[in-house]
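Tertiary structure, described
These are the residues of each chain, in order.
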Amino acid sequence: MGRTRNAAALGAATAVLAGGLLFGATATAAPAAACTGEQLSATGADRTDSTRVRFTVVNEGPACELRGFPAVALAGQGSPERNAPLRVVPRGEARPVLLAAGGSASTLLTFTPVLGEADGYCASGADPTVAPSLVVGVAGTGFQVAPSDGGEFALCGTTVRATAFR
């Protein structure tokens, strides 16, 4: 009889403990789908100094995951034939960024500076490139953005350094 009572108590204790473990366990949410261009909007290109701009996107849809680095081109001043794709040099490690509805993520774009005043010059001897806007490729969509200060983008060369979205 003592064994039956001990076995019952052990069984009850095991059930309570197991129930506590199950109750305390957290469910793992399914990973969010990749962000699509249709659910993102761009807030613009905020100049942080003469060679850098911060490009930010906002999620206007359900939670999603943004990955990687942007694609970047100088816009062709109204003529697609004059678009100038830039080679993006990644800076840092790309990690997925979970964007809740209304959440935002940014990348910092850094250009090789134009030196001097007025028309300026490039240290390499090449002519500077100037454009009123950029096209930034994110999640399968291109966002055309102008500098927040109303100026133009000026750079030497055909590369831009970009951080991963954060």
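Refer to the structure printed above.
Residues numbered from 1 in each chain as written. Predicted model: local features only at pLDDT ≥ 70, side-chain atom pairs only at ≥ 80, totals over all residues. Heavy atoms only, no water.

1. Digging into the environment of glutamine 144
Its location among the elements puts glutamine 144 in strand 10 (residues 141–145). On the basis of relative accessible area, glutamine 144 is assigned to the exposed category, the value being 58%. Residues glutamine 144 and alanine 73, spaced 71 residues apart in sequence, show a C-alpha to C-alpha distance of 9.3 Å. If we skip the residues at most four places from it in the chain, glutamine 144 touches Ala75, Ser133, Leu134 and Val135. Within the local environment of glutamine 144, its side chain forms a polar contact with the side chain of serine 133, the two groups lying 2.8 Å apart. (Helix = DSSP H or I, 4+ residues; strand = E, 2+ residues; numbered from the N terminus. Buried < 20%, exposed > 50% of the residue type's maximum accessible area, 1.4 Å probe, protein only. Contact = heavy atoms within 4.5 Å. Polar contact = N/O pair within 3.5 Å; in protein donor to acceptor, adjacent residues only side chain to side chain.)

2. Here's the deal with the packing of aromatic side chains
Throughout the structure, instances matching the rule amount to two aromatic pairs. Each ring, one from phenylalanine 55 and one from phenylalanine 143, has its centre 6.2 Å from the other, and the planes form 45°; the classification is tilted. Within this pair, whereas phenylalanine 55 is found in strand 2 (residues 52–59), its partner phenylalanine 143 is found in strand 10, the two being separated by 88 residues in sequence. Centroid distance phenylalanine 111 to phenylalanine 153: 6.0 Å. Interplanar angle 50°. Geometry classified as tilted. Of this pair, phenylalanine 111 sits in strand 7 (residues 104–111) while phenylalanine 153 sits in strand 11 (residues 153–155), placing them 42 residues apart in sequence. For phenylalanine 153, a relative accessible area of 1% puts it in the buried group. (Phe/Tyr/Trp six-rings, centres within 6.5 Å; stacked < 30°, edge-to-face > 60°.)

Geometric descriptors of this kind do not, in isolation, establish any biological role.
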